[in-house]
Amino acid sequence: MPITFTKNAQAVPAVTKLIDLGKGSAIDDIYVTKDEAAPMSSGIFTVEKADEPFVYTYKYHEHKIILEGELWLQDESGNVLKGTPGDVVYIEAGSTITFSSPTFGKAFYVGQRKLRDF
């Protein structure tokens with residue numbers, strides 16, 4: 001089937017039981033393409049207020065759209081984005097990003113990687 005549709009994606013187990021990454025962050029993929037040469041995965045990423053930020057180095061390109069709350073991202077140069085609902089972020093492969101939130105933030109992402117290859 002050329003189109004895949006998930007009604008009420010907020011209720012999908014991957015969304016309701018995210019994988020804990022530590023430091024207030026959690027993630028899981030909802031979809032992955034079948035293209036082995038250039039796979040893409042998409043899902044939900046959350047950040048809660050924590051004592052320490054979550055730091056991640058990307059091996060792949062990724063887009064995020066902020067769905068809820070505030071998601072703060074800082075790159076290795078010190079540039080800070082304070083994302084709010086509707087903001088779209090592009091993260092280049094090789095970037096090291098520090099994630100935090102003053103309360104809670106949720107984003108939908110699409111990354112150029114295999115299923116759960118975080």
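Scroll up a little and you will see the structure.
A brief report on the enclosed structure follows. (Residues numbered from 1 in each chain as written. Predicted model: local features only at pLDDT ≥ 70, side-chain atom pairs only at ≥ 80, totals over all residues. Heavy atoms only, no water.)

Some thoughts on the pairing of strand β6 (residues 71-74)
Within a regular strand, side chains alternate between the sheet's two faces.
Here comes step 1: What you see with β6 is a clean split: L71 and L73 sit on the buried side and W72 and Q74 on the side with no burial.
Here comes step 2: Sheet analysis places β6 next to strand β7 (residues 80-83), joined by four bridges and oriented antiparallel. Across the sheet, the residue bridging to W72 is K82, located in β7.
Here comes step 3: As consecutive antiparallel partners, β6 and β7 are separated by five residues, and within that stretch G78 has a phi angle of approximately 95°, a positive value.
Here comes step 4: Of the strand pairs in this sheet, β6 and strand β9 (residues 96-100) are connected by three bridges, and their pairing is antiparallel. Across the sheet, the residue bridging to Q74 is T98, located in β9. (Buried < 20%, exposed > 50% of the residue type's maximum accessible area, 1.4 Å probe, protein only. Helix = DSSP H or I, 4+ residues; strand = E, 2+ residues; numbered from the N terminus. Pairing = 2+ DSSP bridges.)

Points about the environment of L73
Here comes step 1: Looking at the secondary structure, you find L73 in strand β6.
Here comes step 2: A sequence separation of 26 residues divides L73 from F99, and the C-alpha atoms of the two residues are 4.8 Å apart.
Here comes step 3: In this structure, L73 is in contact with N79, V80, L81, V89, I91, I97, T98 and F99, ignoring residues within four places of it in sequence. (Contact = heavy atoms within 4.5 Å.)

Considering the nonpolar core
Here comes step 1: Counting 16 residues, the largest nonpolar core has F45, Y58, L71, L73, I91 and F99 as its most contacted members.
Here comes step 2: Put simply, the parts of the chain that give this core at least two residues each are β3 (41-48), β4 (54-57), β6, β8 (88-91), β9 and β10 (104-111).
Here comes step 3: With near-sequence residues (within four places) excluded, F99 lies in contact with F45, V47, P53, F54, Y56, Y58, K64, L71, W72, L73 and I91. (Core = buried A, V, L, I, M, F, W, Y, C linked by side-chain atoms within 4.5 Å.)

Some details on the packing of aromatic side chains
Here comes step 1: Enumeration according to the criterion identifies seven aromatic pairs in this entry.
Here comes step 2: Where Y56 meets Y60, the ring centres are 6.4 Å apart and the plane angle is 55°; that geometry is what we call tilted.
Here comes step 3: Taken together, the ring pairs in this structure connect F45, F54, Y56, Y58, Y60 and F99 into an aromatic cluster.
Here comes step 4: Above the ring of F45, the side-chain terminus of K64 is found at 4.3 Å from the ring centroid.
Here comes step 5: Just above the ring of Y60 sits the side chain of R113; from NZ or CZ to the centre is 5.2 Å. (Phe/Tyr/Trp six-rings, centres within 6.5 Å; stacked < 30°, edge-to-face > 60°. Lys NZ or Arg CZ within 6 Å of the ring centre and 35° of its normal.)

Observations regarding the sheet that holds β8
Here comes step 1: A sheet is described by the order of its strands in space; here six strands give the open sequence β1-β2-β3-β10-β5-β8, paired in antiparallel fashion. Of all strands in the sheet, those bounded by a partner on one side alone are β1 (19-22) and β8. Strand-to-strand twist in this sheet, taken as the mean axis angle between neighbours without regard to direction, amounts to 25°.
Here comes step 2: In this sheet, β3 lies alongside strand β2 (residues 25-32) in antiparallel orientation, the contact comprising seven bridges. Counterpart to D29 in the pairing with β3 is G43. (Axes fitted to C-alpha atoms, helices over the stretch in contact; angles between N-to-C directions.)

Notes on the side chain of T46
Here comes step 1: You can see T46 is positioned in strand β3.
Here comes step 2: Relative accessible area serves as the criterion here: at 9%, T46 is assigned to the buried category.
Here comes step 3: Among all residues touching T46, those that are not within four sequence positions of it are L18, G24, S25, A26, F104, G105 and K106.

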